Amino acid sequence: MEPIIEVRNLTKIFKSRGRTITAVNDVSFDVFKGEIFGMIGPNGAGKSTTFSVLTTLLKPTTGSVKVAGFDVEKEDDKIRPLIGIVPQKLSLYPLLTARENLELMGNLYNVPKKVMEERIDNYLRLVGLETSADRFTGGFSGGMKQRLSVISAVIHDPEILFWDEPSTGLDPQTRQAIWRLARKFNAEGKTLIFTTHYMEEADNLCDRVAVMNLGKIVALDNPESLKEKTRGKNLEEVFIHFTGEEVRD
Ligand SMILES: Nc1ncnc2c1ncn2[C@@H]1O[C@H](COP(=O)(O)OP(=O)(O)O)[C@@H](O)[C@H]1O
Ligand SMILES: [Mg+2]
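The notes below deal with the structure included here. (Residues numbered from 1 in each chain as written. Chains lettered and ligands numbered in written order. Predicted model: local features only at pLDDT ≥ 70, side-chain atom pairs only at ≥ 80, totals over all residues. Heavy atoms only, no water.)

## Here's the deal with the nonpolar core
Core analysis: the biggest nonpolar cluster contains 42 residues, and Ile40, Leu124, Leu148, Trp163, Phe185 and Leu235 have the highest contact counts within it. Ranked by residues supplied to this core, first place goes to helix α6 (residues 172-187) with 5 residues. Residues in contact with Leu235, not counting those within four places in the same chain, are Ile40, Met199, Ala202, Asp203, Val209, Pro223, Leu226 and Lys227. In terms of nonpolar packing, the next biggest core, distinct from the first, is built from 25 residues, Val27, Val31, Phe51 and Ile83 among them. (Core = buried A, V, L, I, M, F, W, Y, C linked by side-chain atoms within 4.5 Å. Buried < 20%, exposed > 50% of the residue type's maximum accessible area, 1.4 Å probe, protein only. Helix = DSSP H or I, 4+ residues; strand = E, 2+ residues; numbered from the N terminus. Contact = heavy atoms within 4.5 Å.)

Pasting the structure below:
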């Protein structure tokens, strides 16, 4: 299998108010082209920080990361057009309509106008937002916002999708809609890397799952093997096996 992301000894340290926080601690892994790769782990494990480095938003403190063969530090401009990001905190403009939000993203990525308008119409229909296209997104429900965020991150037809907690806080219908989108984009050949707190979601969707704890990857395999290795009935038990029962804040 061909790696599309290569992470080698990645460490990310934050210094804030005199404190040093090692958010990601000497992590190495590959993501293969065309797979659905999940990252699970308690709050503060380092999932979002890893995403930020992989998506060129933060520089590694030490170690190296290649995305589609390009170095995240030296060739970030080559990586950005190839990736689509759904951040943990929504990044829509509330005073723009759904369509305007999508056009803004398309224009940022220089998508030709005709192609962009066709894609926008298709995607709005795909996620059931065609009749809300001209409403301000500030008034959208959480599920509508998230469906819009997901399609706004594919408007430039990226190869690799990064979704950070795409289904947190959403109703089961919206979560299932997100799962369908994940499968659809994956079937089109896109690689998807996502984080989740829903173990069932990771189990259903992922080819492989990385378990993160305290800045380290403590397990990485397909869901079935993880269950076998830990004698877990389900991924929730696997999760507790690797990350303990203590509550994190
Ligand atoms: N910009 C930042 N400055 C300082 N500390 C940060 C910053 N971003 C994240 N952290 C800290 O790094 C650790 C990992 O955070 P994060 O990557 O957001 O974890 P996760 O996404 O797994 O919940 C946490 O202790 C968090 O408080
Ligand atoms: Mg996070």
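## Remarks on unusual backbone geometry
Although it is not a glycine, Asn9 adopts a positive phi angle of roughly 50 degrees. Among the residues examined, Asn9 registers a relative accessible area of 42% and is labelled partly exposed. The backbone of Arg17 shows a phi angle near 45 degrees, a positive value even though the residue is not glycine. Residue placement: Arg17 occurs in the loop between β1 (3-16) and β2 (19-32).

## Topic: the sheet that holds strand β5 (residues 70-71)
Spatially, the 4 strands line up as an open sheet ordered β2-β1-β4-β5, and their pairing is antiparallel. Looking at strand neighbours, the two that pair on one side only are β2 and β5, the edges of this open sheet. Bridge analysis of strand β4 (residues 62-67) against β5 gives 2 bridges, and the strand direction is antiparallel. Note that in β5 the partner of Val67 across the bridge is Phe70. The strands touched by helix α1 (residues 47-54) are β1, β2 and β4; relative to β1, the strand with the most contacts, the crossing angle is about 115 degrees. (Pairing = 2+ DSSP bridges. Axes fitted to C-alpha atoms, helices over the stretch in contact; angles between N-to-C directions.)

## Focus: a nonpolar patch on the surface
Together, Tyr93, Leu104 and Leu108 make up an exposed nonpolar region whose accessible area comes to about 310 Å². For Tyr93, the position within the fold is in the loop between β6 (83-86) and α3 (98-108). (Patch = residues over 30% accessible without salt bridge, like charges linked within 9 Å, V, L, I, M, F, W, Y side chains within 5 Å. Areas by Shrake-Rupley, 256 points an atom, 1.4 Å probe, with all protein chains shown as cover. Salt bridge = Lys/Arg side-chain N within 4 Å of Asp/Glu carboxyl O.)

## Some details on the pairing of β2
The side chains of a regular strand alternate between both faces of the sheet. As paired elements, β1 and β2 share 10 bridges and run antiparallel to each other. The residue of β2 that forms the bridge with Phe14 is Ile21. Connecting β1 to the antiparallel partner β2 that follows it, the hairpin turn spans 2 residues, and Arg17 within it adopts a positive phi of roughly 45 degrees.

## Observations regarding the sheet that holds strand β3 (residues 36-40)
Pairing between the strands of a sheet comes from backbone hydrogen bonds, and it takes one of two forms, parallel or antiparallel. Read across the open sheet, the 6 strands follow the order β6-β7-β8-β3-β9-β10; overall the sheet is mixed. Either end of the sheet is taken by a strand with one partner, and the two such strands are β6 and β10 (216-221). Averaged over all pairs of adjacent strands, the angle between their axes in this sheet comes to 15 degrees, without regard to strand direction. Here strand β7 (residues 160-164) runs beside strand β8 (residues 191-195); their pairing, made up of 5 bridges, is parallel.

## A few points about the coordination of the magnesium ion (ligand 2)
Coordination of the magnesium ion (ligand 2) by the protein involves Ser48 (OG) and Gln88 (OE1), with metal-donor separations of 2.1 to 2.3 Å. One end of the pair, Ser48, is in helix α1; the other, Gln88, is in the loop between β6 and α3, and 40 residues separate them in sequence. (Donors = N, O, S within 2.8 Å, 3.2 Å for Na, K, Ca; no water.)

## Notes on the site of ligand 1
Close to ligand 1 lie Phe14, Ile21, Ala23, Pro42, Asn43, Gly44, Ala45, Gly46, Lys47, Ser48 and Thr49. With respect to ligand 1, the side chain of Thr49 contributes an N or O atom lying 2.5 Å from an oxygen atom. The fraction of the free accessible surface of ligand 1 (570 Å²) that becomes covered by protein chains is 63%. Elements supplying a minimum of two residues to the shell around ligand 1: β2 and α1. Of all the elements, α1 adds the most residues to the shell around ligand 1, at 3 residues. Residues of the shell around ligand 1, tallied by class, amount to 5 nonpolar, 5 polar and 1 charged. (Near = heavy atom within 4 Å. Polar contact = N/O pair within 3.5 Å; in protein donor to acceptor, adjacent residues only side chain to side chain. Nonpolar A, V, L, I, M, F, W, Y, C, P; charged D, E, K, R; others polar.)

## Let's talk about the packing of α3 against helix α5 (residues 142-152)
With their axes 10 Å apart at the nearest point, α3 and α5 run at an angle of 25 degrees to one another. What the angle tells us is that α3 and α5 run roughly parallel. Along this stretch, α3 crosses α5, giving a crossing that reads as right-handed. Residues Ala98, Asn101, Leu102 and Met105 of α3 touch α5, and the partners they reach there are Leu148, Ile151 and Ser152. Among the residues forming the contact of α3 with α5, the class breakdown is 5 nonpolar, 2 polar and no charged. (Parallel < 35°, antiparallel > 145°, perpendicular 65-115°, else oblique. Left-handed = near helix turned anticlockwise from the far one by under 90°.)

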